[in-house]
Amino acid sequence: MIGHGKVVAINEISTEAYIFSVISSEMSATASLELLKAHAVISRSWLLKPIIHNEHNVNAVLERRTDDELIKWYERDSHELYNVCADDHCQRYQGVSRKVTPQVHEAIRATRGIVLSYEGEVCDARFSKCCGGKTELYESCWDDTPHPY
């Protein structure tokens, strides 16, 4: 695919194949089955919410420029040619060859198609793997939009 005058390689895979890599990349593939299952559900929810609800905002790019540097922050919905990338601002995806364990396969199988939902809508299940064991309200760290869940 060509975008902005450049060739862009896009890896098209199934949701479940993507989740296999994400939960093995975001956390240890040797974690407990229940933790892997929980992560599979939140990762699937995070992935599917903007796709299902057609939430795409190519202007979701924040930029800070100084004399010495240019910093750009791309929201996950700012991709023009694809749904998610393999960088940390999306979910950590390290490819389908990423090491997985039998527990990862079981977690994906046991949760296939399950998402977090509230009043019939898929939840925005953003997470941070570097939270220090603390939780916070969505509107305090991600977006000014409060969510009742």
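To be clear, the structure that these remarks concern was listed above.
Just so it is clear, the model here is predicted, and its values are computed rather than measured.

A. Representation of the overall build of the protein. Looking only at helices and strands, one finds four helices and six strands in the protein. Going residue by residue from the N terminus, the α and β elements of the protein occur as β-β-α-α-β-β-α-β-β-α. Looking at the 149 residues of the protein, the share that counts as buried comes to 30%. With the model as given, the accessible surface of the protein reaches about 9800 Å², and the carbon-plus-sulfur share is 51%.

B. Region of the structure containing the packing of aromatic side chains. For the coordinates displayed, the defined rule picks out one aromatic pair. Measuring from centroid to centroid gives 5.7 Å for Tyr118 and Tyr149, while their planes differ by 50°, and the two rings are tilted. Of this pair, Tyr118 sits in strand S5 (residues 117-118) while Tyr149 sits in the segment after helix H4 (138-141), placing them 31 residues apart in sequence. The class of Tyr118 is partly exposed, set by a relative accessible area of 32%.

C. Local environment of unusual backbone geometry. A positive phi angle, near 50°, is found at Glu119, a position not held by glycine. On the secondary structure map, Glu119 appears in the loop between S5 and strand S6 (121-122).

D. Main features of helix H2 (residues 33-52). Over its 20 residues, H2 extends 27 Å from the first C-alpha to the last, a length consistent with the 28 Å expected when each residue adds 1.5 Å. Every buried residue of H2 is listed here: Leu36, His39, Ala40, Val41, Ser43, Arg44, Ser45, Trp46, Leu47, Leu48, Lys49 and Pro50. Taken together, the buried residues of H2 touch helix H1 (15-26), helix H3 (102-111) and S6.

E. Main features of the packing of H1 against H3. Packing of H1 against H3 leaves a shortest axis separation of 10 Å and a crossing angle of 135°. Accordingly, the angle class assigned to the pair H1 and H3 is oblique. Between H1 and H3 the crossing geometry is right-handed. Contact residues: Glu16, Ile19, Phe20, Ile23 and Ser24 in H1; Val104, His105, Ala107 and Ile108 in H3. Residues belonging to the contact of H1 with H3 are distributed by class as follows: six nonpolar, two polar and one charged.

Calculation criteria
Residues numbered from 1 in each chain as written. Predicted model: local features only at pLDDT ≥ 70, side-chain atom pairs only at ≥ 80, totals over all residues. Heavy atoms only, no water. Helix = DSSP H or I, 4+ residues; strand = E, 2+ residues; numbered from the N terminus. Buried < 20%, exposed > 50% of the residue type's maximum accessible area, 1.4 Å probe, protein only. Areas by Shrake-Rupley, 256 points an atom, 1.4 Å probe, with all protein chains shown as cover. Phe/Tyr/Trp six-rings, centres within 6.5 Å; stacked < 30°, edge-to-face > 60°. Expected span 1.5 Å × (residues − 1). Contact = heavy atoms within 4.5 Å. Axes fitted to C-alpha atoms, helices over the stretch in contact; angles between N-to-C directions. Parallel < 35°, antiparallel > 145°, perpendicular 65-115°, else oblique. Left-handed = near helix turned anticlockwise from the far one by under 90°. Nonpolar A, V, L, I, M, F, W, Y, C, P; charged D, E, K, R; others polar.

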